[in-house]
Amino acid sequence: MHNERDTSLSLRNPLAKTKRIVIKVGTNILVNKNGKPNKTRIDNLCQSIANLKKQGYQVILVSSGAIGAGLHALKLKTRPTELAQLQMAAAVGQTCLLEEYGQRFKKHKLPISQVLLTHDDLRHRQRHLNARNTLHALLENGILPIVNENDVVAVDEIKVGDNDVLSALVTVLLDADALILLTTPNGLRKPLAHGKTTRVPYLETITEESLALATGKTNPLSTGGMATKLLAAQTAAKIGALVIIASGTTSNTLEKIMSGKDIGTIIGNPLQASRKSPSRKRWLSYFHRCQGNLWVDDGAQMALRSQGKSLLPVGITKIHGKFPSGAMINILNQHNETIGQGLVEYSSEIIAKIKGKKSREIKAIIENYHNDVVIHRNNLVITH
Ligand code: GLU
(Lines give C-alpha, C1' and ligand atoms only; values in the text may rest on other atoms or scores of the structure.)
Protein backbone atom coordinates (compact mmCIF):
# COMPACT_ATOMS: atom_id res chain seq x y z
CA MET A 1 0.00 0.00 0.00
CA HIS A 2 1.20 3.46 -0.89
CA ASN A 3 0.21 6.08 1.63
CA GLU A 4 1.21 9.61 2.62
CA ARG A 5 3.82 8.37 5.08
CA ASP A 6 5.40 5.95 2.57
CA THR A 7 5.73 8.72 0.01
CA SER A 8 7.13 11.03 2.63
CA LEU A 9 9.77 8.48 3.60
CA SER A 10 10.69 7.56 0.03
CA LEU A 11 11.29 11.23 -0.72
CA ARG A 12 13.31 11.74 2.43
CA ASN A 13 15.95 9.19 1.44
CA PRO A 14 17.11 11.12 -1.65
CA LEU A 15 17.47 14.22 0.54
CA ALA A 16 20.85 12.91 1.62
CA LYS A 17 21.96 12.97 -2.02
CA THR A 18 21.03 16.59 -2.55
CA LYS A 19 23.82 19.05 -2.99
CA ARG A 20 22.57 22.61 -2.66
CA ILE A 21 20.24 23.58 0.20
CA VAL A 22 18.58 26.88 1.04
CA ILE A 23 17.76 27.20 4.75
CA LYS A 24 15.37 29.92 5.88
CA VAL A 25 15.10 30.87 9.51
CA GLY A 26 12.46 33.24 10.84
CA THR A 27 12.61 36.01 13.44
CA ASN A 28 10.49 33.94 15.88
CA ILE A 29 13.31 31.38 16.01
CA LEU A 30 16.18 33.83 16.32
CA VAL A 31 14.77 36.51 18.60
CA ASN A 32 13.03 36.02 21.97
CA LYS A 33 9.72 37.71 22.76
CA ASN A 34 11.62 40.34 24.80
CA GLY A 35 13.59 41.26 21.66
CA LYS A 36 16.88 39.67 22.77
CA PRO A 37 18.61 37.24 20.40
CA ASN A 38 17.96 33.61 21.36
CA LYS A 39 21.60 32.62 21.82
CA THR A 40 20.95 28.89 22.28
CA ARG A 41 18.97 28.57 19.09
CA ILE A 42 21.48 30.63 17.12
CA ASP A 43 24.26 28.42 18.54
CA ASN A 44 22.38 25.28 17.48
CA LEU A 45 21.61 26.64 14.02
CA CYS A 46 25.23 27.60 13.38
CA GLN A 47 26.48 24.26 14.70
CA SER A 48 24.08 22.38 12.39
CA ILE A 49 25.00 24.47 9.35
CA ALA A 50 28.69 23.87 10.07
CA ASN A 51 27.95 20.13 10.30
CA LEU A 52 26.15 20.12 6.96
CA LYS A 53 28.97 22.07 5.33
CA LYS A 54 31.44 19.48 6.67
CA GLN A 55 29.32 16.77 5.08
CA GLY A 56 29.83 18.52 1.73
CA TYR A 57 26.49 20.31 1.24
CA GLN A 58 26.39 23.76 -0.29
CA VAL A 59 24.30 25.89 2.06
CA ILE A 60 22.62 29.27 1.61
CA LEU A 61 21.13 30.77 4.78
CA VAL A 62 18.20 33.16 4.39
CA SER A 63 17.94 34.84 7.75
CA SER A 64 15.29 37.20 9.08
CA GLY A 65 15.71 38.94 12.40
CA ALA A 66 17.27 42.23 11.34
CA ILE A 67 14.34 44.40 12.34
CA GLY A 68 13.82 42.42 15.56
CA ALA A 69 17.48 42.77 16.52
CA GLY A 70 17.42 46.47 15.54
CA LEU A 71 14.46 47.22 17.79
CA HIS A 72 16.31 45.64 20.69
CA ALA A 73 19.56 47.49 19.95
CA LEU A 74 17.72 50.81 19.65
CA LYS A 75 15.74 50.05 22.83
CA LEU A 76 12.46 50.49 20.97
CA LYS A 77 9.65 48.77 22.86
CA THR A 78 7.22 48.61 19.95
CA ARG A 79 7.66 48.17 16.22
CA PRO A 80 7.60 51.65 14.63
CA THR A 81 4.99 52.29 11.96
CA GLU A 82 6.96 54.96 10.12
CA LEU A 83 8.94 53.46 7.23
CA ALA A 84 12.19 55.37 7.88
CA GLN A 85 12.17 54.24 11.53
CA LEU A 86 11.65 50.62 10.52
CA GLN A 87 14.40 50.90 7.94
CA MET A 88 16.67 52.41 10.57
CA ALA A 89 15.94 49.40 12.81
CA ALA A 90 16.76 47.08 9.89
CA ALA A 91 20.04 48.91 9.19
CA VAL A 92 21.14 48.67 12.82
CA GLY A 93 19.79 45.15 13.30
CA GLN A 94 21.40 43.69 10.20
CA THR A 95 24.85 44.45 11.63
CA CYS A 96 23.86 42.92 15.00
CA LEU A 97 22.61 39.81 13.22
CA LEU A 98 25.77 39.41 11.20
CA GLU A 99 27.83 39.94 14.35
CA GLU A 100 25.97 37.06 16.04
CA TYR A 101 26.56 34.81 13.03
CA GLY A 102 30.13 36.06 12.53
CA GLN A 103 31.25 35.18 16.09
CA ARG A 104 29.82 31.68 15.88
CA PHE A 105 30.88 30.74 12.37
CA LYS A 106 34.39 31.98 13.15
CA LYS A 107 34.58 29.26 15.81
CA HIS A 108 33.52 26.76 13.14
CA LYS A 109 36.09 28.26 10.73
CA LEU A 110 33.30 28.90 8.25
CA PRO A 111 33.67 32.14 6.25
CA ILE A 112 30.42 34.06 5.82
CA SER A 113 29.09 36.79 3.53
CA GLN A 114 26.12 39.15 3.53
CA VAL A 115 23.81 39.27 0.50
CA LEU A 116 20.98 41.82 0.64
CA LEU A 117 18.40 41.63 -2.14
CA THR A 118 15.15 43.27 -3.20
CA HIS A 119 12.55 42.02 -5.64
CA ASP A 120 13.75 44.65 -8.08
CA ASP A 121 17.25 43.13 -8.03
CA LEU A 122 15.83 39.74 -8.98
CA ARG A 123 13.53 41.15 -11.67
CA HIS A 124 16.09 43.31 -13.45
CA ARG A 125 17.86 40.91 -15.84
CA GLN A 126 21.42 42.15 -15.37
CA ARG A 127 21.17 42.46 -11.58
CA HIS A 128 19.52 39.04 -11.46
CA LEU A 129 22.47 37.52 -13.30
CA ASN A 130 24.92 39.42 -11.11
CA ALA A 131 23.24 38.15 -7.93
CA ARG A 132 23.27 34.59 -9.27
CA ASN A 133 26.91 34.76 -10.33
CA THR A 134 27.98 36.22 -6.99
CA LEU A 135 26.11 33.56 -5.04
CA HIS A 136 27.63 30.82 -7.19
CA ALA A 137 31.11 32.28 -6.64
CA LEU A 138 30.55 32.34 -2.88
CA LEU A 139 29.38 28.73 -2.85
CA GLU A 140 32.25 27.56 -5.02
CA ASN A 141 34.65 29.20 -2.59
CA GLY A 142 33.09 27.53 0.45
CA ILE A 143 31.67 30.80 1.80
CA LEU A 144 28.25 30.78 3.46
CA PRO A 145 25.94 33.40 1.93
CA ILE A 146 23.62 34.92 4.56
CA VAL A 147 20.75 36.45 2.62
CA ASN A 148 18.10 38.92 3.77
CA GLU A 149 15.85 41.42 2.09
CA ASN A 150 17.53 44.80 1.70
CA ASP A 151 15.01 46.35 4.07
CA VAL A 152 16.85 49.68 4.13
CA VAL A 153 15.88 50.49 0.55
CA ALA A 154 12.86 48.21 0.07
CA VAL A 155 9.53 49.95 -0.34
CA ASP A 156 6.36 48.16 -1.44
CA GLU A 157 6.98 48.40 -5.21
CA ILE A 158 10.39 46.74 -5.09
CA LYS A 159 9.97 44.54 -2.03
CA VAL A 160 9.76 40.76 -1.88
CA GLY A 161 8.02 41.48 1.45
CA ASP A 162 8.58 38.18 3.13
CA ASN A 163 11.60 35.98 3.67
CA ASP A 164 9.63 32.77 3.01
CA VAL A 165 9.04 34.06 -0.52
CA LEU A 166 12.59 35.40 -0.77
CA SER A 167 13.99 31.98 0.16
CA ALA A 168 11.85 30.32 -2.54
CA LEU A 169 13.13 32.83 -5.10
CA VAL A 170 16.72 32.17 -4.00
CA THR A 171 16.01 28.43 -4.44
CA VAL A 172 14.84 29.09 -8.01
CA LEU A 173 17.69 31.53 -8.69
CA LEU A 174 20.32 28.97 -7.69
CA ASP A 175 18.47 25.86 -8.83
CA ALA A 176 18.83 24.47 -5.31
CA ASP A 177 17.78 20.88 -4.56
CA ALA A 178 16.06 21.58 -1.26
CA LEU A 179 14.53 24.43 0.71
CA ILE A 180 14.19 24.05 4.48
CA LEU A 181 11.86 26.51 6.20
CA LEU A 182 12.56 26.54 9.94
CA THR A 183 9.69 27.81 12.02
CA THR A 184 8.02 27.18 15.39
CA PRO A 185 5.65 24.29 14.61
CA ASN A 186 7.05 21.02 13.30
CA GLY A 187 5.31 21.31 9.92
CA LEU A 188 1.69 21.62 8.87
CA ARG A 189 -1.01 20.05 11.05
CA LYS A 190 -4.46 18.79 10.20
CA PRO A 191 -7.43 18.23 12.50
CA LEU A 192 -8.44 14.81 13.80
CA ALA A 193 -11.55 13.91 15.76
CA HIS A 194 -12.14 15.38 19.24
CA GLY A 195 -10.18 18.56 18.66
CA LYS A 196 -6.87 16.71 18.22
CA THR A 197 -4.45 17.41 15.37
CA THR A 198 -1.81 15.41 13.56
CA ARG A 199 1.24 16.36 11.53
CA VAL A 200 0.94 16.24 7.73
CA PRO A 201 4.13 14.36 6.71
CA TYR A 202 3.84 14.90 2.95
CA LEU A 203 2.15 17.09 0.37
CA GLU A 204 2.77 16.50 -3.31
CA THR A 205 1.34 19.89 -4.27
CA ILE A 206 -0.23 22.83 -2.53
CA THR A 207 -4.00 22.77 -2.88
CA GLU A 208 -6.90 24.85 -1.59
CA GLU A 209 -7.31 22.22 1.13
CA SER A 210 -3.74 22.44 2.38
CA LEU A 211 -3.93 26.23 2.32
CA ALA A 212 -7.16 26.07 4.32
CA LEU A 213 -5.33 24.05 7.00
CA ALA A 214 -2.68 26.74 7.17
CA THR A 215 -4.96 29.73 7.20
CA GLY A 216 -7.06 28.23 9.93
CA LYS A 217 -10.26 28.00 7.92
CA THR A 218 -10.68 24.46 9.14
CA ASN A 219 -8.04 24.24 11.82
CA PRO A 220 -8.34 26.27 15.01
CA LEU A 221 -4.75 25.41 15.98
CA SER A 222 -3.18 26.82 12.82
CA THR A 223 -0.18 29.06 13.00
CA GLY A 224 0.31 32.43 11.42
CA GLY A 225 2.75 32.43 8.55
CA MET A 226 2.12 28.83 7.50
CA ALA A 227 0.10 29.87 4.43
CA THR A 228 2.98 31.99 3.13
CA LYS A 229 5.30 29.06 3.74
CA LEU A 230 3.07 26.80 1.68
CA LEU A 231 2.96 29.34 -1.15
CA ALA A 232 6.74 29.67 -1.02
CA ALA A 233 6.96 25.87 -1.05
CA GLN A 234 4.76 25.77 -4.13
CA THR A 235 7.15 28.06 -5.99
CA ALA A 236 10.26 26.07 -5.05
CA ALA A 237 8.57 22.72 -5.71
CA LYS A 238 7.69 23.82 -9.26
CA ILE A 239 11.36 23.69 -10.20
CA GLY A 240 11.80 20.28 -8.60
CA ALA A 241 13.19 21.31 -5.21
CA LEU A 242 12.05 19.40 -2.14
CA VAL A 243 10.70 21.70 0.55
CA ILE A 244 10.64 20.83 4.24
CA ILE A 245 8.80 22.88 6.83
CA ALA A 246 10.06 21.91 10.28
CA SER A 247 10.67 23.23 13.74
CA GLY A 248 13.73 25.39 14.31
CA THR A 249 13.26 25.36 18.08
CA THR A 250 15.01 22.05 18.72
CA SER A 251 18.64 21.14 18.12
CA ASN A 252 19.89 19.01 15.22
CA THR A 253 16.73 19.52 13.14
CA LEU A 254 18.79 20.12 10.00
CA GLU A 255 20.90 16.99 10.47
CA LYS A 256 17.74 14.95 11.12
CA ILE A 257 16.09 16.28 7.98
CA MET A 258 19.11 15.58 5.82
CA SER A 259 19.47 12.05 7.15
CA GLY A 260 15.89 11.33 6.11
CA LYS A 261 14.17 11.36 9.54
CA ASP A 262 10.41 11.69 9.39
CA ILE A 263 9.98 15.17 10.84
CA GLY A 264 8.09 18.22 9.63
CA THR A 265 6.16 18.36 6.38
CA ILE A 266 7.90 17.53 3.12
CA ILE A 267 6.47 19.12 -0.03
CA GLY A 268 7.05 18.43 -3.71
CA ASN A 269 7.72 15.69 -6.16
CA PRO A 270 10.97 16.17 -8.07
CA LEU A 271 9.98 13.50 -10.57
CA GLN A 272 6.93 15.50 -11.66
CA ALA A 273 8.53 18.94 -11.71
CA SER A 274 10.12 20.66 -14.68
CA ARG A 275 13.61 21.04 -13.29
CA LYS A 276 15.38 21.86 -16.47
CA SER A 277 13.59 24.92 -17.79
CA PRO A 278 16.13 27.33 -19.31
CA SER A 279 17.34 30.11 -17.05
CA ARG A 280 15.73 32.90 -19.11
CA LYS A 281 12.32 31.19 -18.97
CA ARG A 282 12.68 30.85 -15.22
CA TRP A 283 13.55 34.48 -14.89
CA LEU A 284 10.43 35.36 -16.88
CA SER A 285 8.20 32.95 -14.93
CA TYR A 286 9.23 33.51 -11.33
CA PHE A 287 10.76 36.94 -10.86
CA HIS A 288 8.17 39.34 -12.28
CA ARG A 289 4.86 40.70 -11.11
CA CYS A 290 2.19 41.04 -13.77
CA GLN A 291 1.02 44.59 -14.28
CA GLY A 292 -1.90 44.00 -16.64
CA ASN A 293 -3.78 41.59 -18.88
CA LEU A 294 -4.07 41.03 -22.62
CA TRP A 295 -6.75 38.80 -24.11
CA VAL A 296 -5.96 37.02 -27.38
CA ASP A 297 -8.16 35.37 -30.02
CA ASP A 298 -8.10 31.66 -30.89
CA GLY A 299 -5.69 32.17 -33.81
CA ALA A 300 -3.16 33.97 -31.63
CA GLN A 301 -3.59 31.38 -28.88
CA MET A 302 -2.69 28.63 -31.34
CA ALA A 303 0.25 30.61 -32.75
CA LEU A 304 1.65 31.17 -29.24
CA ARG A 305 0.97 27.73 -27.83
CA SER A 306 1.73 25.41 -30.72
CA GLN A 307 3.73 27.33 -33.28
CA GLY A 308 6.28 29.13 -31.11
CA LYS A 309 5.30 32.54 -32.51
CA SER A 310 5.46 36.04 -31.01
CA LEU A 311 2.29 37.92 -30.09
CA LEU A 312 1.18 40.36 -32.80
CA PRO A 313 -1.33 43.21 -32.37
CA VAL A 314 -3.82 41.55 -34.72
CA GLY A 315 -4.45 38.71 -32.24
CA ILE A 316 -5.18 40.98 -29.25
CA THR A 317 -8.87 41.47 -28.47
CA LYS A 318 -8.86 43.27 -25.12
CA ILE A 319 -6.46 44.98 -22.73
CA HIS A 320 -6.67 45.71 -19.02
CA GLY A 321 -4.34 47.82 -16.86
CA LYS A 322 -2.02 50.74 -17.29
CA PHE A 323 1.58 49.75 -17.83
CA PRO A 324 4.78 50.96 -19.51
CA SER A 325 6.70 49.17 -22.26
CA GLY A 326 8.84 46.40 -20.75
CA ALA A 327 6.15 45.44 -18.20
CA MET A 328 5.20 41.81 -17.49
CA ILE A 329 1.66 41.04 -18.64
CA ASN A 330 -0.69 38.06 -18.29
CA ILE A 331 -2.00 36.60 -21.52
CA LEU A 332 -5.53 35.20 -21.41
CA ASN A 333 -7.62 33.36 -24.00
CA GLN A 334 -11.24 33.93 -24.92
CA HIS A 335 -12.33 31.67 -22.04
CA ASN A 336 -10.55 33.93 -19.55
CA GLU A 337 -7.89 31.30 -18.88
CA THR A 338 -4.32 32.48 -18.38
CA ILE A 339 -2.17 30.85 -21.04
CA GLY A 340 1.12 32.59 -20.35
CA GLN A 341 2.93 35.80 -19.57
CA GLY A 342 5.44 38.02 -21.29
CA LEU A 343 7.24 41.36 -21.45
CA VAL A 344 5.53 43.89 -23.71
CA GLU A 345 7.32 45.98 -26.33
CA TYR A 346 4.76 48.78 -26.07
CA SER A 347 2.90 50.61 -23.29
CA SER A 348 -0.78 49.92 -22.55
CA GLU A 349 -1.64 53.24 -24.19
CA ILE A 350 -0.09 52.17 -27.51
CA ILE A 351 -1.38 48.58 -27.33
CA ALA A 352 -4.92 49.94 -26.86
CA LYS A 353 -4.48 51.78 -30.19
CA ILE A 354 -2.96 48.92 -32.19
CA LYS A 355 -4.90 45.91 -30.84
CA GLY A 356 -6.69 44.00 -33.59
CA LYS A 357 -4.69 45.80 -36.32
CA LYS A 358 -2.63 44.16 -39.04
CA SER A 359 1.13 44.68 -38.92
CA ARG A 360 1.15 46.94 -42.01
CA GLU A 361 -1.45 49.24 -40.40
CA ILE A 362 0.35 49.91 -37.13
CA LYS A 363 3.25 51.99 -38.53
CA ALA A 364 0.78 54.72 -39.36
CA ILE A 365 -0.80 54.59 -35.90
CA ILE A 366 2.19 54.79 -33.59
CA GLU A 367 4.85 57.45 -33.56
CA ASN A 368 7.86 55.55 -32.26
CA TYR A 369 7.30 52.36 -34.23
CA HIS A 370 10.17 49.93 -33.78
CA ASN A 371 8.58 46.53 -34.07
CA ASP A 372 5.32 44.94 -35.17
CA VAL A 373 5.49 42.50 -32.26
CA VAL A 374 3.75 43.17 -28.91
CA ILE A 375 5.42 40.32 -27.01
CA HIS A 376 8.49 38.75 -28.55
CA ARG A 377 8.81 34.99 -28.36
CA ASN A 378 12.04 35.27 -26.33
CA ASN A 379 10.20 37.29 -23.72
CA LEU A 380 7.27 34.93 -23.45
CA VAL A 381 6.41 31.87 -21.37
CA ILE A 382 3.45 29.67 -22.09
CA THR A 383 2.10 28.22 -18.87
CA HIS A 384 -1.08 26.48 -19.95
N1 GLU B 1 13.72 41.14 6.45
C2 GLU B 1 13.04 41.12 7.70
C3 GLU B 1 14.04 41.17 8.86
O4 GLU B 1 15.18 40.80 8.70
C5 GLU B 1 12.23 39.86 7.91
C6 GLU B 1 11.15 39.57 6.91
C7 GLU B 1 10.48 38.22 7.19
O8 GLU B 1 10.70 37.65 8.25
O9 GLU B 1 9.76 37.72 6.35
O10 GLU B 1 13.70 41.56 9.93
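Residues numbered from 1 in each chain as written. Predicted model: local features only at pLDDT ≥ 70, side-chain atom pairs only at ≥ 80, totals over all residues. Heavy atoms only, no water.

Got a minute to help me understand the site of the ligand in this structure?
As a structural note, the neighbourhood of the ligand is formed by Ser 64, Gly 65, Ala 66, Ile 67, Asn 148, Asp 151, Asp 162 and Asn 163. Asn 148 is positioned such that a nitrogen or oxygen atom in its side chain is 2.8 Å from an oxygen atom of the ligand. Between the ligand and Asp 151, the relevant distance is 2.8 Å, taken from a nitrogen atom to a side-chain nitrogen or oxygen of the residue. For the ligand, the protein covers 82% of the area, taking 300 Å² as the surface of the free molecule. Given that more than half its atoms are within 2 Å of the pocket grid, the ligand belongs to the largest pocket. Residues that form the shell around the ligand fall into these classes: two nonpolar, four polar and two charged. (Near = heavy atom within 4 Å. Polar contact = N/O pair within 3.5 Å; in protein donor to acceptor, adjacent residues only side chain to side chain. Areas by Shrake-Rupley, 256 points an atom, 1.4 Å probe, with all protein chains shown as cover. 1 Å grid on protein atoms, 1.4 Å probe; cavity = no way out; pocket = protein on both sides within 12 Å on 5 of 7 lines; lining within 4 Å. Sits in = over half its atoms within 2 Å of the grid points. Nonpolar A, V, L, I, M, F, W, Y, C, P; charged D, E, K, R; others polar.)

Which parts of the structure should I look at to understand helix H3 (residues 39-54)?
At 3.6 residues per turn, the α-helix brings residues three or four places apart onto the same side. For H3, which comprises 16 residues, the first-to-last C-alpha distance of 22 Å matches the rise-based estimate of 22 Å (1.5 Å per residue) to within 8%. Just past H3, the residue Gly 56 takes up positive phi, approximately 100°. (Helix = DSSP H or I, 4+ residues; strand = E, 2+ residues; numbered from the N terminus. Expected span 1.5 Å × (residues − 1).)

Hey, could you run me through the pattern of salt bridges in this one?
Side chains carrying opposite charge are able to pair once their charged atoms draw close together. The final tally for this structure, using the stated rule, is 10 salt bridges. Measuring nitrogen to oxygen at the nearest pair gives 3.2 Å for the salt bridge that ties Glu 100 to Lys 39. Highlighted residues: Glu 100 in helix H5 (residues 83-107) and Lys 39 in helix H3, separated in sequence by 61 residues. Taking the relative accessible area as the measure of exposure, Glu 100 reaches 14% and is therefore buried. Linking Asp 121 and Arg 127 is a salt bridge whose minimum nitrogen-to-oxygen distance equals 3.0 Å. Overall, Asp 121 belongs to the buried group, its relative accessible area being 16%. By sharing partners, the salt bridges in this structure join Lys 39, Asp 43, Glu 100 and Arg 104 into a single network. (Salt bridge = Lys/Arg side-chain N within 4 Å of Asp/Glu carboxyl O. Buried < 20%, exposed > 50% of the residue type's maximum accessible area, 1.4 Å probe, protein only.)

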